[in-house]
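One-letter residues, chain by chain:
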Amino acid sequence: DTGVSQDPRHKITKRGQNVTFRCDPISEHNRLYWYRQTLGQGPEFLTYFQNEAQLEKSRLLSDRFSAERPKGSFSTLEIQRTEQGDSAMYLCASSPLLNYNEQFFGPGTRLTVL
Amino acid sequence: KQEVTQIPAALSVPEGENLVLNCSFTDSAIYNLQWFRQDPGKGLTSLLLIQSSQREQTSGRLNASLDKSSGRSTLYIAASQPGDSATYLCAVPSGGSYIPTFGRGTSLIVHP
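On a predicted model such as this, the values are computed, not experimentally measured, just so you know.

Asker: Residues and numbers for the nonpolar core, please.
Answerer: All names here are of chain B. If you look at the biggest cluster of nonpolar residues, it comprises 23 residues, and the most contacted ones within it are Leu33, Trp35, Leu75, Ile77, Tyr88 and Val92. Of all elements in the fold, only strand S3 (19-25), strand S4 (32-38), strand S5 (44-51), strand S7 (62-67), strand S8 (72-77), strand S9 (86-93) and strand S11 (106-111) reach the threshold of two or more residues within this core. Contact partners of tyrosine 88, with chain neighbours within four places excluded, come to Gln6, Leu21, Phe36, Arg37, Leu47, Leu75, Ile77, Gly105, Thr106 and Leu108.

What follows is the structure in structure tokens.
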């Protein structure tokens, strides 16, 4: 399978706990994006990387959120001290160097904070 | 800031009907517009990407048009099937960015 993969697919946690999600982009795609989607809404941009550099962060990305892409391949998104409002689908997408226009999405990680 | 509106929010039709889904956006300085499909609880599948220099794109029973000057795109689905049931999302970047703003989507149900 050469698509974008995300792990885990589902995560249930208690308020106040830390969680970490992983995204593996399509091989050789140098841009990687994180989005958050709540019920009935379209995805909202959180942040993106070009190779290992984090180039843009949305104001939605509070200081409890941190994202990394240390080797320019996979990426992790960590949420510290989770709140019930963090419950959402977290989507990862990647795009190739020669066509930033088009993004390819992974299946998402569904987070439920109790 | 780009704002994207999709109409209708929901649509329920019998199998075989031809459908038109609408997307409007406020900032016409765009590189492209992309239509996605999302099944319940799943990620997004790209359907069609229209570059700013293009007026339409076709893939099978799907046809998407783009009118930058009026800030509109339509997704036309011919001869709808139950398997087309999903949410259809329109995504439009702005301000010289490749980062898209998404609409809330049109939830489509095609019943046999």
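There's more to say after this.
Asker: Please set out the interface of chain B and chain A residue by residue, giving values where relevant.
Answerer: At the interface, 20 residues of chain B touch 24 residues of chain A. Here chain B meets chain A over a buried area of about 1,600 Å², counting both sides, of which 52% is carbon and sulfur. Inspection of the region where chain B meets chain A yields zero salt bridges. In this assembly, chain B and chain A are joined by four residue pairs in polar contact (both at pLDDT 80 or more). Where the side of chain B that touches chain A is concerned, the elements lending two or more residues are S4, S5 and strand S10 (100-102) of chain B. Class assignment of the residues belonging to the side of chain B that touches chain A gives a composition of nine nonpolar, eight polar and three charged.

Asker: Account for empty space enclosed by the protein, naming residues and giving values.
Answerer: In this approach, a probe sized like a water molecule rolls over the atoms, and the result shows the empty space that is left. One pass over the structure, following the stated rule, counts one cavity of 30 Å³ or more. When its volume is computed, the largest cavity comes out at roughly 50 Å³. In this structure, the largest cavity is lined by Asn101 and Gln103 of chain A together with Asn32, Gln34, Ala91, Pro93, Tyr98 and Pro100 of chain B. Elements supplying a minimum of two residues to the lining of the largest cavity: S4 and S9 of chain B. For the lining of the largest cavity, the class distribution of residues is four nonpolar, four polar and no charged.

Asker: Go over the packing of aromatic side chains with me, naming the residues and quoting the values.
Answerer: For the structure on display, the rule yields 10 aromatic pairs over all chains. Ring plane angle 70 degrees and centroid distance 6.1 Å describe the contact between tyrosine 35 of chain A and phenylalanine 45 of chain A, whose orientation is recorded as edge-to-face. Of the two residues, tyrosine 35 of chain A is situated in strand S4 (residues 31-37) and phenylalanine 45 of chain A in strand S5 (residues 44-50); the sequence distance between them amounts to 10 residues. Grouping residues by exposure puts tyrosine 35 of chain A and phenylalanine 45 of chain A together as buried. Aromatic rings pair up to connect Tyr33, Tyr35, Phe45, Tyr48 and Phe105 of chain A together with Phe36 and Phe102 of chain B into one cluster.

Asker: Before we move on, can you summarise unusual backbone geometry with the specific residues and values?
Answerer: In this structure, proline 8 of chain A follows aspartate 7 of chain A across a cis peptide bond, with omega equal to -5 degrees. As for its placement among the helices and strands, proline 8 of chain A is situated in the loop between strand S1 (5-7) and strand S2 (10-13). That bond from isoleucine 7 of chain B to proline 8 of chain B is cis: its omega, 0 degrees, falls within 30 degrees of zero. On the secondary structure map, proline 8 of chain B appears in the loop between strand S1 (4-7) and strand S2 (10-14). For glutamate 28 of chain A, which is not glycine, the phi torsion reads 75 degrees and is therefore positive. Within the secondary structure layout, glutamate 28 of chain A lies in the loop between strand S3 (19-24) and S4. The exposure class assigned to glutamate 28 of chain A is exposed, which follows from its relative accessible area of 74%. The backbone phi angle of asparagine 51 of chain A is positive, close to 55 degrees, even though this residue is not glycine. Relative to the helices and strands, asparagine 51 of chain A resides in the loop between S5 and strand S6 (53-57).

Basis of the calculations
- Residues numbered from 1 in each chain as written.
- Chains lettered and ligands numbered in written order.
- Predicted model: local features only at pLDDT ≥ 70, side-chain atom pairs only at ≥ 80, totals over all residues.
- Heavy atoms only, no water.
- Core = buried A, V, L, I, M, F, W, Y, C linked by side-chain atoms within 4.5 Å.
- Buried < 20%, exposed > 50% of the residue type's maximum accessible area, 1.4 Å probe, protein only.
- Helix = DSSP H or I, 4+ residues; strand = E, 2+ residues; numbered from the N terminus.
- Contact = heavy atoms within 4.5 Å.
- Buried area = accessible area lost by both parts, 1.4 Å probe.
- Salt bridge = Lys/Arg side-chain N within 4 Å of Asp/Glu carboxyl O.
- Polar contact = N/O pair within 3.5 Å; in protein donor to acceptor, adjacent residues only side chain to side chain.
- Nonpolar A, V, L, I, M, F, W, Y, C, P; charged D, E, K, R; others polar.
- 1 Å grid on protein atoms, 1.4 Å probe; cavity = no way out; pocket = protein on both sides within 12 Å on 5 of 7 lines; lining within 4 Å.
- Points joined across faces, edges and corners; volume = space filled by probe spheres on them.
- Phe/Tyr/Trp six-rings, centres within 6.5 Å; stacked < 30°, edge-to-face > 60°.

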